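# Overview (structure and organization)
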Amino acid sequence: MRVEILAPQGHCGQPPTRVVWSASRAVAQLQLDWVDGERRPWLRRSFDPPIAAGAFALTMDERSTIGERRGGAIAALALTRDGEWLAESGRAVVRIDGRVRGR
């Protein structure tokens, strides 16, 4: 089992509007964490995608937090319906060079 963050990655002028992910097979639950250098999550989003790939939109508050921190690293965890670990992605590093529009 493999899970990956496809986007965003690298330098961005603005905080991303969505996170795109892919898994080698359908997963029951996916947890996406923005983590610090010691892999401690500071923003977490969990949902139940019955598919092997997808995207989720970031809220304006999430984008603002990401912008204030100037980005970070995203890690994805694939879980069973019971919350058991299946796979973890590598970290996708995102650096923000601008400010959130509309704030």
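Scope of this entry: the structure provided in the associated data block.

Calculation criteria
Residues numbered from 1 in each chain as written. Predicted model: local features only at pLDDT ≥ 70, side-chain atom pairs only at ≥ 80, totals over all residues. Heavy atoms only, no water. Helix = DSSP H or I, 4+ residues; strand = E, 2+ residues; numbered from the N terminus. Buried < 20%, exposed > 50% of the residue type's maximum accessible area, 1.4 Å probe, protein only. Contact = heavy atoms within 4.5 Å. Pairing = 2+ DSSP bridges. Axes fitted to C-alpha atoms, helices over the stretch in contact; angles between N-to-C directions.

### Observations concerning unusual backbone geometry
Following A7, the chain continues to P8 via a peptide bond in cis, the omega torsion being 5°. One non-glycine residue, R70, lies in positive phi territory at about 60°. On the secondary structure map, R70 appears in the loop between α1 (60-68) and β7 (71-79). Using a relative accessible area of 41% as the deciding quantity, one classes R70 as partly exposed.

### So, α1
Every buried residue of α1 is accounted for by E62, R63, S64, I66 and G67. Residues of α1 that are buried sit in contact with β4 (29-35), β5 (41-47), β6 (53-57), β7 and β9 (92-96). Looking one or two places after α1, you find R70, whose phi comes out positive at around 60°.

### Some points on the sheet that holds strand β1 (residues 3-7)
If you trace the 3 strands from one edge of the open sheet to the other, you get β1-β3-β6, paired in antiparallel fashion. Here the strands that pair on one side only, and so sit at the sheet edges, are β1 and β6. Adjacent strand axes in the sheet meet at a mean angle of 25° when their direction is disregarded. Two elements, β1 and strand β3 (residues 18-23), share 4 bridges in a ladder whose sense is antiparallel. The residue of β3 that forms the bridge with V3 is A23.

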